[in-house]
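# Tertiary structure, described
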Amino acid sequence: MSNRILIIARDEWRYWQRSRLSLAVIVIALSLVAASVWITRTSNSDTAHQREHMQSEAEHNFRDQPDRHPHRMIHYGHYVFRGLPPLGTLDPGIDALTGNTVFLEGHRQNSATLADKKQSSGLTWISALTPAFVMQVIAPMLLIILGFSTVTREREAGTLEFLNVQGVSPLTLLAGKGLALFSAALVISTPLLVGVLISMTDGAAILPAITFIASYWIYLLIWSAIVLPISAFTRSNTLSFSGSLTLWMLLCLIIPRIASNTASVVIHSPGKLETDFAVLQQLREIGDGHNTSGPANSALKASLLAKYNVESVDELPVNFKGIVAQQSEANLTKVLNQFAQKQMQQQTDQADIYRHFGWLSPMIAIQNASMTLAATDLTNYHLFLRQAEKARFDFVQALNKLHAEGMTLEQDSNKYRSNAAKKAATVSADNWQMLSQFSFTPLESGARLHNSMMALAQLIMLFGALISTLLFLGKRL
Amino acid sequence: MSWADIRREVLFLIRRKSVVALLVIATLLSVFAVWTGSVEVAQQRATIERLIEADKLDRSAVSKQYNDYGYIAYYTFHLTYAPPSPLAFAALGVRDVYPWKHRIRMLALEGQIHESDTQNPELALAGKIDFTFVVAVFAPLLLLLLLHDLRASERAAGRYAFLMVTRKHRYNLWPLRTGIMVALLWLALVLPFIVGAVVNGVSAGLTLLVAVVVAAYLLGWAALCYWISRVNATAPVLASCILGVWLLTSFIIPSAGNVFIKDYYHGPQGGAVLMTQREAVNAAWDLPHETTMTAFLKNHPEWTGKTETSSLFEWKWYYAFQQVGDEKALPLAQAYQQTAQDRYQAAGWVALLSPATLLQRQLTRWAETDATAAWQYNDRVRAFHAELRHFYYPLLFGNADYDEAALKKRPEFDLDKKADR
């Protein structure tokens, strides 16, 4: 039995070797995958290098600033850049579409700026030639060309009857043909496997890496299991080909875009700009950290006076302006984070609608599994924004603390009186060393696996459904 | 060729289930694309409406809160925006990547203009169906399915020789059949578009132009299918060849072109622009005021003699160093922009080898949703920022007393004023 399956599979390979079309398809597919792995890898390591370089430059610049008033450093600000995770070289995900740097400063949460796509030629409007795209969209198409005639060919030539008479059961035949098709798919995916292995030497965690390649294999299995029954149950090569190709158009090109349109029409996500107005409205109620006499600060003033048991702010052992700055930054950040959280939630809700279309289209499922495992999905982008915000808050508050403790209120208030007074209202440059190094840490592998569960379930469900259909119908070939 | 011939062929074609099915798919896709495109564009317009309202409220609140030109300039943001054109519904273009709205204030512009307030990146990655995509990417595939076995199917059915013998004229059969098929597909795609164009207020001329270009594009692909279908091979082999051409011209050539262009045109990193500007702006705090003012006067000689400062902090000095910071970063910013433009321009040559890209570039150009339109908007924002500065300079450098009425003359962002390019 299993021997027969192998013979049938080997025979199919022999046919491919003889047929110019099939041979060409295998060669083209293999070189496309290889080229995409190589190209994406080179360009990504360039990008990663530049971002690392700019990150360390930004940190050096900050630490090299002279003696200053701490509040000046809050407005001098800091830049953080998002690094690319190792598997990002195989699936850059949304990297090119999102800003890759955030300017951190006091009283503001800036958006990520400088998306790579804005410097692009515009030629990749359908998609860039990344390994992910080649494997997700182009490989299935090539599998169709390779496999549309596996059974119909035998039928048209009349050899199907012959095989039947010789005692080759339909399921054996299908298993053999399926094995041939999937082994061809495996051959096509070898450059991707090599890419994954290289990423592992670059530090990709083992479990997500293995799941990454495994999910692509399941995806290819799904396509083998789509092409095969269409070939088995259509009358002619032509029908089999047109049928598979129509299905490919639907699953790989149409449904993903319908899903994307649907998600954005169903859930309206106001952009950052629009949210900013709502934020501003709330912030006005909180009061401005630059304005110590604002009504919002009177309670703070009263409690401080009581705490230190003094009559006026001038007698406080700390600089009241610094305390106000600290307090108002904390209040303001709370509001900013509330709104940021809401916006991220809206984007996630949109993405979820999109992701649920994965029950229909294996292409959406693999895309999600792949991005999630590679840590280049929306969740990881949001994580970057959160980490950047934490870095912002930490350094701003550290500076506000210096502001409160490093000078008196009198020194601070008189800083524009004269150059000497200005000098008095500064702290030593040694303090700038408090800036911690920033490097984006994507979700750890356990969380990534957990997040990819739905997509993996979709893939397995689709595969299971196809196999049971095949087993059910296969008896009646 | 007579009406009878045409009628016969039309009836023959629409009796075939697969043809009808594909035409229905084409119509549905086109309707969906036009519909969601229109919704998208309407959402963008509504967003702008809301922003304009919120912006007005915000500005009046700031004007009430402060009574000093310096503070007002510091805290007042001005909304700038580029509304979608009437045709945008059919070609959404890059508006999900390039910003089309900014809030701008008197501070150094380089720190503001690179901000992006874009839509959901995960959806942007998936891409959207718009009319352009349906025509440029799907239509060739539909044509392929409709036309690749034009002759092969007749050969397989054993009717080929018979048909060849009975035709009255050599154009009567295959060219006629192809022509009718293209016409039917064209109608299926273009009719929903025309409805959308009327609803969105696209001018008749432009609508017609788009319809004609779509027809030309379809005819081009049909010619290829027709030409390939003459080869005596089985239908799937022919279809694979057409599919190969489609894959090559729509994906591989553009992607490969992109790689070469990216390698060939190098420019400064965006991060370098931002950091240069920040260094310039921040270093100014520690420099003698004269240094900043001398640099400022180089490009603003009209304020000579009015740049004296009497205290360590003065707003005119503050805004002068913001501007000087921008001017220091300007060469880098220009080089950054130039790189983007060079790349886009070079892509125009690659597009000659990729009909789909060519069509997309043309439609997004007409719809003003391409990178060029985004840059024009950027230039408009720069021009507005300059107007704003030149409004405040007399008030700041002239040491004018605060008068709220003066703010009435403050420039408003006017989207119709096109920037020079």
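Residues numbered from 1 in each chain as written. Chains lettered and ligands numbered in written order. Predicted model: local features only at pLDDT ≥ 70, side-chain atom pairs only at ≥ 80, totals over all residues. Heavy atoms only, no water.

### Here's the deal with the overall build of chain B
The criterion, for reference: Helix numbering and strand numbering both begin at the N terminus, where a helix is a DSSP run of H or I of at least 4 residues and a strand a DSSP run of E of at least 2. Relative accessible area decides the class of each residue, using a 1.4 Å probe on protein chains only: under 20% of the type maximum gives buried, over 50% gives exposed, and in between gives partly exposed. Contacts: residue pairs with any heavy atoms within 4.5 Å of one another. For accessible areas, the Shrake-Rupley method is used with a probe of radius 1.4 Å. Any residue's cover is judged against the shown protein chains and nothing else. Charged residues are defined here as Lys and Arg on the positive side and Asp and Glu on the negative side; His and the ends of the chain fall outside this count. The atoms used to mark charge sites are NZ of Lys, CZ of Arg, CG of Asp and CD of Glu.
When its secondary structure is counted, chain B shows 16 helices and two strands. In terms of its C-alpha atoms, chain B occupies a principal-axis envelope of roughly 100 × 45 × 35 Å. Burial analysis of chain B (421 residues in total) assigns 56% to the buried set. Of the contacts made within chain B by residues no fewer than 6 positions apart, 81% connect residues no fewer than 24 positions apart. For chain B, the accessible area works out to roughly 17,800 Å², and carbon and sulfur atoms hold 62% of it. Averaging the positions of the 41 positive and the 37 negative side-chain charges in chain B gives two centres separated by 14 Å.

### Observations concerning the pattern of salt bridges
Residues and elements named next belong to chain A. Put simply, the test is: The salt bridge definition used is simple: a Lys or Arg side-chain nitrogen within 4 Å of an Asp or Glu carboxyl oxygen.
This model, assessed by the stated rule, comprises 25 salt bridges over all chains. Between arginine 41 and aspartate 202 there is a salt bridge; the shortest N-O distance is 2.8 Å. You can see arginine 41 sitting in helix H2 (residues 20-63) and its partner aspartate 202 sitting in the loop between helix H8 (190-201) and helix H9 (206-233), a full 161 residues away along the chain. Overall, aspartate 202 belongs to the partly exposed group, its relative accessible area being 42%. Several salt bridges converge on common partners, so that one network encompasses Glu12, Arg153 and Lys177.

### As for the interface of chain A and chain B
It is common to give the size of an interface as the accessible area lost on bringing the parts into contact. In plain terms, the rule: A 1.4 Å probe defines the accessible area here, and the buried area is the portion of it lost by two parts on being joined, summed over both. For this classification, the nonpolar set comprises Ala, Val, Leu, Ile, Met, Phe, Trp, Tyr, Cys and Pro, the charged set comprises Asp, Glu, Lys and Arg, and every other residue, Gly included, is treated as polar.
Facing the 93 residues of chain A at the interface are 95 residues of chain B. Both faces combined, the contact of chain A with chain B buries some 8,500 Å², and carbon together with sulfur accounts for 65% of it. At the junction of chain A and chain B, the tally comes to four salt bridges. Put simply, arginine 68 of chain A and aspartate 286 of chain B hold a salt bridge, and the shortest N to O gap is 2.8 Å. Sorting elements by how many residues they give to the side of chain A that touches chain B places helix H10 (residues 237-266) of chain A first, with 19 residues. In the side of chain A that touches chain B, the residues fall into 43 nonpolar, 34 polar and 16 charged.

### Concerning the nonpolar core
To keep it simple, the criterion reads: Only buried residues count toward a nonpolar core, which is a set of Ala, Val, Leu, Ile, Met, Phe, Trp, Tyr and Cys residues joined through side-chain atoms within 4.5 Å.
Residues Phe212, Trp223 and Trp248 of chain A together with Phe89, Phe138, Leu243 and Trp246 of chain B are the most contacted members of the largest nonpolar core, which totals 137 residues. Sorting elements by how many residues they give to this core places helix H6 (residues 131-147) of chain B first, with 15 residues. Of all hydrophobic cores here, the second largest spans 48 residues; its members include Leu79, Leu107, Met293 and Ala406 of chain B.

### Some thoughts on the pairing of strand S1 (residues 78-81) of chain B
Residue and element names in this part refer to chain B. For the record, the criterion: For two strands to be treated as a pair, DSSP must find at least two bridges joining them.
The two faces of S1 match: His78 and Thr80 on one face and Leu79 and Tyr81 on the other face are all buried. Bridging between S1 and strand S2 (residues 101-104) involves four bridges; their strand directions are antiparallel. Following the sheet pairing, leucine 79 is matched in S2 by arginine 103.

### Examining the domain arrangement of chain A
All names here are of chain A. For clarity, the threshold we go by: What fixes the domain bounds is an automatic or database domain assignment. In the analysis that follows, any N or O atom pair within 3.5 Å is treated as a polar contact, provided that within protein one partner can donate a hydrogen and the other can accept it, and provided that, for residues neighboring in sequence, both atoms belong to side chains.
Along its sequence, chain A is carved into domain 1 (1-66 + 125-255 + 468-475) and domain 2 (71-113 + 268-454). The gap between the C-alpha centroids of domain 1 and domain 2 is 43 Å. Carbon and sulfur atoms make up 69% of the area that domain 1 and domain 2 hide from each other, which totals about 3,600 Å². Put simply, domain 1 and domain 2 have 13 residue pairs in polar contact (both at pLDDT 80 or more) between them. Going through the elements one at a time, H2, helix H4 (131-147), H8, H9 and H10 are the ones with two or more residues in the side of domain 1 that touches domain 2. Per-element tally for the side of domain 1 that touches domain 2: the top contributor is H2, with 12 residues.

### Comments concerning the UniProt feature "transmembrane region" (unreviewed entry) in chain B
All names here are of chain B. Condition: UniProt positions are given in the numbering used here, feature names are shortened, and annotations may be inferred rather than shown by experiment.
The residues that UniProt annotates with the feature "transmembrane region" (unreviewed entry) are residues 131-150, 171-194, 206-228 and 235-253. For the annotated span residues 206-228, helix accounts for 100% and strand for 0% of the residues, and the straight-line distance between the end C-alpha atoms is 33 Å. For residues 235-253, the end-to-end C-alpha separation is 26 Å, with 100% helix and 0% strand making up the annotated structure.

### Side note on the confidence of the model for chain B
All names here are of chain B. Put simply, the rule is: Residue-level confidence of the predictor is what pLDDT reports, using numbers from 0 through 100.
For chain B, per-residue confidence averages 86 on the pLDDT scale, and 93% of positions sit at 70 or higher. For chain B, helix H7 (residues 150-157) is the element with the lowest average pLDDT, namely 67, and helix H15 (residues 355-366) is the one with the highest, namely 94. Model confidence for the complex is summarised by a pTM of 0.87, with the ipTM given as 0.85.

### Some thoughts on the UniProt feature "transmembrane region" (unreviewed entry) in chain A
The feature "transmembrane region" (unreviewed entry), as given by UniProt, occupies residues 21-39, 123-146, 179-200, 206-227, 239-259 and 453-473 of chain A in the numbering adopted here. Across residues 453-473 of chain A, helical content stands at 100% and strand content at 0%; the span's end C-alpha atoms are separated by 30 Å.

### Comments concerning H10 of chain A
Our working rule: Here, expected helix span is obtained from the residue count minus one, scaled by 1.5 Å. The seven residues ending at a residue and the seven starting there each receive a fitted axis; the angle between those axes is the bend at that residue.
Across its 30 residues, H10 of chain A extends 41 Å between first and last C-alpha, which sits within 8% of the 44 Å expected from 1.5 Å per residue. Its axis deflected by about 40° at isoleucine 254 of chain A, H10 of chain A carries its strongest bend there, up to four residues before the proline proline 256 of chain A.

### A closer look at the packing of aromatic side chains
Just so we agree on the cut-off: Aromatic pairs are defined between Phe, Tyr and Trp rings, using the six-membered ring for Trp, whenever the two ring centres lie within 6.5 Å; interplanar angles under 30 degrees are classed as stacked, those over 60 as edge-to-face, and all others as tilted. Geometrically, a lysine NZ or arginine CZ counts as sitting over a ring once it is within 6 Å of the ring centre and also within 35 degrees of the ring normal.
Enumeration according to the criterion identifies 45 aromatic pairs over all chains in this entry. Centroid distance phenylalanine 384 of chain A to phenylalanine 440 of chain A: 5.7 Å. Interplanar angle 85°. Geometry classified as edge-to-face. With phenylalanine 384 of chain A in helix H15 (residues 378-405) and phenylalanine 440 of chain A in the loop between helix H17 (419-424) and helix H18 (445-451), this pair connects stretches of sequence that are 56 residues apart. Grouping residues by exposure puts phenylalanine 384 of chain A and phenylalanine 440 of chain A together as buried. By the ring-pair criterion, three or more aromatic residues cluster together here, those being Tyr66, Tyr71, Tyr74, Tyr75, Trp285, Phe313, Trp315, Trp317, Tyr318, Tyr319 and Phe321 of chain B. Stacked on the ring of phenylalanine 77 of chain B, the Lys or Arg arginine 103 of chain B has its end atom at 4.4 Å from the ring centre. A cation sits over an aromatic face here: arginine 361 of chain B above tyrosine 344 of chain B, 4.1 Å from the ring centre.

### Side note on the confidence of the model for chain A
Per-residue pLDDT for chain A averages 85, and the proportion of residues at 70 or more is 96%. Looking at the elements of chain A, mean pLDDT is at its lowest for strand S4 (residues 113-115) of chain A, recorded as 70, and at its highest for helix H14 (residues 362-374) of chain A, recorded as 94.

### Description of the packing of H9 of chain A against H14 of chain A
Residue and element names in this part refer to chain A. To keep things clear, this is the line we draw: Lines are fitted to the C-alpha atoms to define the axes, a helix being fitted only along its stretch in contact, and any angle between axes, read from their N-to-C directions, falls within 0 to 180 degrees. Orientation is classified from the angle alone, with under 35 degrees giving roughly parallel, over 145 giving roughly antiparallel, 65 to 115 giving roughly perpendicular, and any other angle giving oblique.
Packing of H9 against H14 leaves a shortest axis separation of 9 Å and a crossing angle of 170°. On the basis of the axis angle, H9 is roughly antiparallel to H14. Seen from H9, the contacting residues are Pro208, Thr211, Phe212, Ser215, Tyr216, Tyr219, Ile222 and Trp223; seen from H14, they are Pro362, Met363, Ile366, Ala369, Ser370, Leu373 and Ala374. Across the contact of H9 with H14, the residue classes tally to 12 nonpolar, three polar and no charged.

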